[in-house]
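# Descriptive analysis of the structure
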Amino acid sequence: MRLARIVKSNSHVEYVAQVDRPGEVDVAPEPGDYAFGTFVAVPRPAGDSAVGVVFDATLVNPEFGALGPRLTTSTELQTLAPDQLPETATLIGVLLLGSRSAAGEVTQGVVAHALSVGDAVHRLDDAEFEAFHGSDDGLRAAYLPLLLAHGHPLTSELALAITQRLVEAFPAHAGAVAVLRDSIAWRTRIEAAG
């Protein structure tokens, strides 16, 4: 499902995407579709995709703080100027965690190529999430050090949410993932206390 389009980057691995609004796409995403911890893919022209996770959201409302009377209400404005675009937007932060080739090969870690403004952001379904994390050797989450080193205040909570989803998606590895999750939780408590 298409969720958004890339509008800017803050670094090579951190991007901002504007969530699609009704009228821009056939089916506009609901807030649950781009919730915290949602895995996404950004298809590239060569057939590969960058894979990332939603880690933040920002609401943009230019009318906030604009005091004073209006000549028209928003309902009247739709009638008088139907071609005027709404200026409110929902922006999501996407942290890239790896890539997937056209053949389905997965690489976790820093993505080599930068994304472009306007690139579409799609939600990964459960099977795609499992394919990104599964390997012949079992479960793989090699991007966790990159995620935890990112420095955003929510990355530890994001890592905990991802490990919880991994426990549910890979029950055969639940014990190992639980140890990892407990380690991240301990690290989070120590950093908060220090």
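Here we summarise the structure given alongside this text. (Residues numbered from 1 in each chain as written. Predicted model: local features only at pLDDT ≥ 70, side-chain atom pairs only at ≥ 80, totals over all residues. Heavy atoms only, no water.)

### Remarks on the overall build of the chain
The helix and strand inventory of the chain stands at 5 helices and 9 strands. Expressed as a percentage of the 194 residues in the chain, the buried residues total 38%. Of the accessible surface of the chain, which amounts to about 11,100 Å², a share of 56% is contributed by carbon and sulfur atoms. (Helix = DSSP H or I, 4+ residues; strand = E, 2+ residues; numbered from the N terminus. Buried < 20%, exposed > 50% of the residue type's maximum accessible area, 1.4 Å probe, protein only. Areas by Shrake-Rupley, 256 points an atom, 1.4 Å probe, with all protein chains shown as cover.)

### Things to note about helix H5 (residues 174-193)
The periodicity of an α-helix, 3.6 residues per turn, causes residues three or four places apart in sequence to face the same way. Taking 1.5 Å as the rise per residue, H5 with 20 residues should run 28 Å; its terminal C-alpha atoms sit 28 Å apart, in good agreement. Those residues of H5 not exposed but buried are Val177, Ala178, Ile184, Ala185 and Thr188. Projection of H5 onto a plane perpendicular to its axis shows the buried side chains occupying an angular sector of 125°, all on one side. Relative to its buried face, H5 has exposed residues pointing more than 90 degrees away, namely Ala176, Val179, Trp186 and Ala193. (Expected span 1.5 Å × (residues − 1). Arc of directions from axis to C-beta.)

### Some remarks on the pattern of salt bridges
In total, this model carries 7 salt bridges according to the counting rule given. Here Glu24 and Arg21 are joined by a salt bridge, their closest N and O atoms 3.2 Å apart. Using a relative accessible area of 19% as the deciding quantity, one classes Arg21 as buried. As a salt-bridge pair, Glu128 and Arg100 come within 3.9 Å of each other at their nearest N and O atoms. Remark: Arg100 occurs in strand E5 (residues 89-100) and Glu128 occurs in helix H2 (residues 126-133); sequence separation between them is 28 residues. For Glu128, a relative accessible area of 28% gives the class partly exposed. Three or more residues are tied together by salt bridges with common partners; here these are Arg5, Arg21 and Glu24. (Salt bridge = Lys/Arg side-chain N within 4 Å of Asp/Glu carboxyl O.)

### Observations regarding the side chain of Glu14
Take Glu14: it is sitting in strand E2 (residues 14-19). Look at Glu14: it is buried, it has no salt bridge, and the nearest opposite charge is Lys8 at 7.8 Å. Leave out the neighbours within four places in its chain, and Glu14 touches Ser9, Phe55, Val94, Leu95 and His150. (Lys, Arg positive; Asp, Glu negative; His and termini not counted. Contact = heavy atoms within 4.5 Å.)

### Observations regarding the environment of Arg187
Summarising the element assignment, Arg187 is placed in helix H5. Residue classification places Arg187 among the partly exposed residues on the basis of a relative accessible area of 31%. Along the sequence, Arg187 and Ser156 sit 31 residues apart, while their C-alpha atoms lie 8.6 Å from each other.

### What to know about the packing of aromatic side chains
This structure, assessed with the given rule, holds 4 aromatic pairs. One aromatic cluster is present, built from ring pairs that chain together Phe39, Phe129, Phe132 and Tyr143. The positively charged end of Arg165 is found above the aromatic ring belonging to Phe129, 3.7 Å away from the centroid. (Phe/Tyr/Trp six-rings, centres within 6.5 Å; stacked < 30°, edge-to-face > 60°. Lys NZ or Arg CZ within 6 Å of the ring centre and 35° of its normal.)

### With respect to the pairing of E5
The element E5 is extensively covered by neighbouring structure, given that 10 of its 12 residues are classed as buried. Relative to E5, E2 is paired through 5 bridges, and the arrangement is antiparallel. Opposite Tyr15, over in E5, you have Val94 as the bridge partner. Of the strand pairs in this sheet, strand E4 (residues 49-60) and E5 are connected by 11 bridges, and their pairing is antiparallel. (Pairing = 2+ DSSP bridges.)

### Overview of the environment of Val177
Position of Val177 among the secondary structure elements: in helix H5. Classification of Val177 as buried rests on a relative accessible area of 4%. Taking the C-alpha atoms as reference points, Val177 and Leu166, separated by 11 residues in sequence, lie 7.2 Å from one another. Those residues in contact with Val177, other than ones at most four positions away along the chain, are Leu139, Thr163, Leu166 and Val167.

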